[in-house]
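Chain residues, written in single-letter form:
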Amino acid sequence: KERVLWMNGNAGMGKSVITAILLDKYIKRDMLAAWHFCTHTNPSQNTVLAIILSMSGMLEVTIPGYAKELHSQGDATLQKAKSNEDPMELFNVFFVNPLSAVDPPKDINGNPKRLILICCNLHPPLS
């Protein structure tokens, strides 16, 4: 069953610690992982475009064939999605389209590995 874990909270609430524990768990279990941490001190990393490009870059090195399928859509499609910054278009162009076209990597038992995408939004401290 597909699930999404969305963590949201003020600084110091433990989001980063929980995320680090989850990443460690999934990596040790030989599951694929792509993640992105947002921070209030660097707003340029908090945009939808920055998050998607960061996680897409990780998928290029962790999923065989992903990069080929991503770029097979053509530079014009990729640039248009980046320029428009529409979240659904970006999600489809950078995740749905290329991931739908590749065979999922298998674990040592021949079962498809899971793909974990984590984004941790770090709020500024309460004043």
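A brief structural summary. This is a predicted model, so every value here is computed, not measured.

Before going further, it helps to spend a moment on the pattern of salt bridges. Where side chains of opposite charge bring their charged atoms close, a pairing between them can arise. Using the criterion set out here, one finds two salt bridges in the structure. For the salt bridge of K28 with D24, the shortest nitrogen-to-oxygen distance reads 3.1 Å. You can see K28 and its partner D24 sitting in helix 1 (residues 15–28), four residues apart, about one turn around the helix. Overall, the relative accessible area of 64% leaves K28 in the exposed class. Look at D24 and you get partly exposed, because its relative accessible area is 37%.

A few words now on the side chain of E89. Topologically, E89 is positioned in helix 5 (residues 87–101). We classify E89 as buried; its relative accessible area is 17%. A polar contact is formed between the side chain of E89 and the side chain of K80, at a distance of 3.4 Å. If we skip the residues at most four places from it in the chain, E89 touches K80, A81 and N84.

We now examine the packing of helix 4 (residues 75–84) against helix 5. Packing of helix 4 against helix 5 brings their axes to within 9 Å, and their N-to-C directions diverge by 150°. In this view, helix 4 runs roughly antiparallel relative to helix 5, as classed from their interaxial angle. Pair helix 4 / helix 5 crosses with left-handed handedness. Of the residues in helix 5, those touching helix 4 at T77, L78, K80, A81, K82 and N84 are E89, L90, V93 and F94. Looking at the contact of helix 4 with helix 5 residue by residue, the class counts come to five nonpolar, two polar and three charged.

Calculation rules
- Residues numbered from 1 in each chain as written.
- Predicted model: local features only at pLDDT ≥ 70, side-chain atom pairs only at ≥ 80, totals over all residues.
- Heavy atoms only, no water.
- Salt bridge = Lys/Arg side-chain N within 4 Å of Asp/Glu carboxyl O.
- Helix = DSSP H or I, 4+ residues; strand = E, 2+ residues; numbered from the N terminus.
- Buried < 20%, exposed > 50% of the residue type's maximum accessible area, 1.4 Å probe, protein only.
- Polar contact = N/O pair within 3.5 Å; in protein donor to acceptor, adjacent residues only side chain to side chain.
- Contact = heavy atoms within 4.5 Å.
- Axes fitted to C-alpha atoms, helices over the stretch in contact; angles between N-to-C directions.
- Parallel < 35°, antiparallel > 145°, perpendicular 65-115°, else oblique.
- Left-handed = near helix turned anticlockwise from the far one by under 90°.
- Nonpolar A, V, L, I, M, F, W, Y, C, P; charged D, E, K, R; others polar.

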